[in-house]
Every structure is written in structure tokens, then in C-alpha cells.
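# Per-entry structural report
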Amino acid sequence: MSDSQFDVVVFGATSFVGQILCQYLFDTYGTDGALKWAAAGRSQDKLEQVKASLGDAATALPLITANANDADSLDALCAQTRVVVSTVGPYALYGEPMIKACVNSGTDYCDLTGEAQWIADMLEQYEATAKKNGARIVHCCGFDSIPSDMGVYFLQQQAQARFNAPASTVRMRVKVAKGGVSGGTVASMMNIAEEAGKDPALRKKLANPYLLCPPDHGFKSRQTSIGLASYDDDFNAWVGPFVMDAINSRVVHRSNALTGQAYTDHFTYNEAMLTGDGMGGRMKALGIGAGTGLFFAAAAIKPTRWALNKFVVPQPGSAESRLLRHPLCRPHRQ
Ligand SMILES: NC(=O)c1ccc[n+]([C@@H]2O[C@H](COP(=O)([O-])OP(=O)(O)OC[C@H]3O[C@@H](n4cnc5c(N)ncnc54)[C@H](OP(=O)(O)O)[C@@H]3O)[C@@H](O)[C@H]2O)c1
């Protein structure tokens, strides 16, 4: 792989997060810096627009046209790079062909998916070949699940250093979150709700906290997730569900399995939103619980899914809800 033309190709450069990533790579490395990179996507016109948005100094930025529906274009892309960063989602809809191309060509890959059921499918189908071909496939490299996975890893290192043993229980609580969710993130969540709404076997799969662990993981501890509202004695506060627990906890358990049960074989973990003490905290926790439940119920049913798409959620390429327009959610470059 050392003679590849590029170190990194951003596949999905026209997406909301792809544009932020291109801006970051351009600000950090320019177009002739230590890291050789290119922007890729299915539309040459849209790629040209992304390049133009980076300014005159970006005219030398290489662009690659590739479509998730065209295996040859993905193979040609992989032949030019050491690493593919894919922001083409929902991954359950568009992600597999690029995984296949990377696995077959031994190209390293990372993405931002939070779609546990899709990752489980990819592991089942491609993990053995990826290992054989030396392709490192790393999912969940975004807000889900790096803070959770690396946070627990760091905490366990501290526990080991200070108490000579890992913590057998870790709880992650979110007190404040800034910004919003992008159109692609909402589309991915709605796709999971739609698929799960139609398929009881998938609902069972998604409920398995050890979904992403190797089959011989041996974990038996009952994991509790925060459903509606509950009082957390450790934090002296009410907590409500945190939507990313569904993927983050699976990733943390996978890390425990892959590190030879470094967090113990009876490790328990969950995530929740911290909403404060007293009646106010309780009402907020109930509100988050009801809101989350309503969103997934509405996303699972065709007419309400249509209404959510039409009137409420941000569209692909943006992070602005049609109801809640917020400056913090705008792309970095604006
Ligand atoms: N983990 C995290 O923290 C985090 C945060 C944000 C997003 N995400 C995830 O990242 C993904 C992208 O989110 P986003 O909001 O940036 O998405 P987005 O703006 O909706 O963009 C989707 C991208 O996919 C491309 N695409 C669709 N079909 C394609 C095909 N057949 N071939 C090639 N490209 C195709 C689109 O190209 P066109 O522009 O040509 O339509 C666009 O670039 C989502 O799955 C989301 O869940 C994760």
C-alpha cells in the first residue's frame, strides 16, 4: 500500500460532515502538505462546489468520482489510497459496497456510523476476509462512539493504576450537549426505526447489549439501560434515556471483549441524560423519555415518518431542523 497516491480519501465529501472534514483537512494540510488527500463523491458538480467553497488555494485538490452503486468506481478509488473515510450514510442503505471494496483490496477504512445492526452484519460477512487481507475496518469514529469508548478505556487505565483493578461498573451521564444532529444522522435513526418496526428479529438483535461482541464473548451480566425516567442515587439526580446508549454501550462491550475482558467478565455499562434533582429534574427526564419514544414510534410508521421528514427533521446536507433552526448547528465553513 505504500505506493498509493493518497493517504486519505474522503468518500462523501459533499455530505454535511464530509464538508466539515474537508475544511479541516484543507486548513491543516492544504493540498500539498504532509498528508496527501482527495475528496470523493458521486457527483462531480457537487465536488467542484465543495472545492470552490474551500477557496482559491484549493484548486489543486484532487477529486474522485465514485458511486456506492458502482463497484468498479469503488475499486478504482481504493486502488489510489491507503485509507478511506466514508461519510456516505445511512450506512445500512449505502455503506456495504465500500466495506466490500476496502476488505477485498486491503484498504483501511473508518466511518461515522452508529447503526449497530449494520455493523453486526458487516462483521459477520467481512471480518474474516478483512483480517486475512490486512484491512483495518473501524466503525463509529464520531461522537458515537469515541467519547464513550475512549472515555471508558482511559477511566479503566486510571482505575488500574490507582486501585490495581478495573471498575466493574461504569456509568456515563450527559449533562449538557451543544449543537444539533445532522440530516444524515436523523436519516440513519429513522431508517433503524423503520427497519425495526417491520422486523421483530431485528428488534431482538438491537436489544442485545453484546450484539457487537465476538460469538464466544462469554459475558453473562444483565445490562440495564435507562428507559423512561429514573433516579440515579450515584449522581443524586434524575436521568432520562440517552439515544446513543444503543450504539455506544455495544461498542464499549466489544472493546472489553477484544481486550480479553480487560474491564472484567462481569462489567456493566450504561449511558443516560442527567436532568437534575427535584420535580424539575424528574419532569425533564420524563420529557426526554417520552420525546425519544415518540420520535422512534413516529419514525417507524409511514405517514408520521413522512410528516417528520417534511416538517421537522433536518434534510441531508444540513443540520438545521425545520422547526429548530440554530446557529450552532451550521456547517463550520459558513
Ligand atoms: N457519529 C457521529 O457523530 C455522526 C455525526 C454526524 C453524522 N453521522 C453519520 O454520518 C453519515 C453522514 O451524515 P451527514 O449528515 O453528513 O449526511 P448527508 O449530509 O445526508 O450526506 C449523505 C452523503 O451520502 C452521499 N451519498 C448518498 N448516496 C450515495 C451513493 N450512492 N454514492 C455515493 N455517495 C452517496 C451523498 O452524496 P450527494 O451529496 O451527492 O447526495 C452525501 O455526500 C450518516 O450516516 C450519519 O448518521 C455520524
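Residues numbered from 1 in each chain as written. Predicted model: local features only at pLDDT ≥ 70, side-chain atom pairs only at ≥ 80, totals over all residues. Heavy atoms only, no water.

## Quick look at the environment of Leu25
Following the sequence through the fold, Leu25 ends up in helix H1 (residues 16–29). In this structure Leu25 comes out as buried when scored by relative accessible area, which is 7%. Measuring from C-alpha to C-alpha, the distance between Leu25 and Lys36 comes to 9.7 Å, with eleven residues separating the pair along the chain. Here Leu25 is in contact with Val10, Gly30, Leu35 and Trp37, once residues within four sequence places are set aside. (Helix = DSSP H or I, 4+ residues; strand = E, 2+ residues; numbered from the N terminus. Buried < 20%, exposed > 50% of the residue type's maximum accessible area, 1.4 Å probe, protein only. Contact = heavy atoms within 4.5 Å.)

## Considerations on the site of the ligand
Taken together, 29 residues sit near the ligand, with Thr14, Arg42, Asp144, Ser182 and Gly317 positioned nearest. One nitrogen or oxygen atom from the main chain of Phe143 is found 2.8 Å from an oxygen atom belonging to the ligand. Only H1, helix H4 (91–94) and helix H8 (183–198) provide two or more residues apiece to the shell around the ligand. Looking at the shell around the ligand residue by residue, the classes come out as twelve nonpolar, 14 polar and three charged. (Near = heavy atom within 4 Å. Polar contact = N/O pair within 3.5 Å; in protein donor to acceptor, adjacent residues only side chain to side chain. Nonpolar A, V, L, I, M, F, W, Y, C, P; charged D, E, K, R; others polar.)

## A word on the nonpolar core
Judged by nonpolar contacts, the single largest core of 34 residues is most densely connected at Phe11, Leu77, Val84, Met98, Tyr109 and Leu212. Among the secondary structure elements, those contributing two or more residues to this core are strand S1 (6–11), strand S2 (37–41), helix H3 (71–78), helix H5 (96–105), helix H6 (116–133) and helix H10 (245–258). Residue contributions to this core peak at eight residues, all from H6. One finds Trp37, Leu54, Leu61 and Val85 within the second-largest nonpolar core, a separate group that totals 17 residues. (Core = buried A, V, L, I, M, F, W, Y, C linked by side-chain atoms within 4.5 Å.)

## Some remarks on a nonpolar patch on the surface
The grouping of Leu228, Met279, Met283 and Leu286 at the surface amounts to a nonpolar patch, some 410 Å² of accessible area in total. Following the sequence through the fold, Met279 ends up in helix H11 (residues 278–300). Classification of Met279 by relative accessible area gives exposed; the value is 55%. (Patch = residues over 30% accessible without salt bridge, like charges linked within 9 Å, V, L, I, M, F, W, Y side chains within 5 Å. Areas by Shrake-Rupley, 256 points an atom, 1.4 Å probe, with all protein chains shown as cover. Salt bridge = Lys/Arg side-chain N within 4 Å of Asp/Glu carboxyl O.)

## With respect to the environment of Tyr210
With respect to the helices, strands and loops of the structure, Tyr210 is situated in the loop between helix H9 (200–207) and strand S8 (230–232). The buried category is assigned to Tyr210, whose relative accessible area is 8%. Taking the C-alpha atoms as reference points, Tyr210 and Arg254, 44 residues apart in sequence, are found 7.3 Å from one another. Within polar-contact distance, the side chain of Tyr210 engages the backbone oxygen of Ser221 at 2.8 Å.

## Some words on H8
Spanning 16 residues, H8 covers 23 Å between terminal C-alpha atoms, matching the ideal 22 Å at 1.5 Å per step. Listed as buried for H8 are Gly183, Val186, Ser188, Met190, Asn191, Ile192, Ala193 and Ala196. On the buried face of H8, the contacting elements are H4, H6, H9, H11 and helix H12 (302–312). (Expected span 1.5 Å × (residues − 1).)

## Observations regarding helix H7 (residues 146–163)
Over its 18 residues, H7 extends 25 Å from the first C-alpha to the last, a length consistent with the 26 Å expected when each residue adds 1.5 Å. Those residues of H7 not exposed but buried are Ser148, Asp149, Val152, Gln156 and Ala159. Projection of H7 onto a plane perpendicular to its axis shows the buried side chains occupying an angular sector of 95°, all on one side. For H7, the exposed residues set more than 90 degrees away from the buried face come down to Phe154, Ala161 and Arg162. Of the surrounding elements, those touching the buried residues of H7 are strand S7 (169–174), H10 and strand S10 (268–276). In the stretch just after H7, Asn164 is the one whose phi turns positive, near 65°. (Arc of directions from axis to C-beta.)

## Topic: the sheet that holds strand S3 (residues 63–65)
The sheet built from six strands is open, its strands ordered S3-S2-S1-S4-S5-S6 with parallel pairing. Each having just a single partner strand, S3 and strand S6 (137–138) make up the two edges of the open sheet. Sheet analysis places strand S5 (residues 108–111) next to S6, joined by two bridges and oriented parallel. Within S6, the position partnered with Cys110 by the bridge is Val138. (Pairing = 2+ DSSP bridges.)

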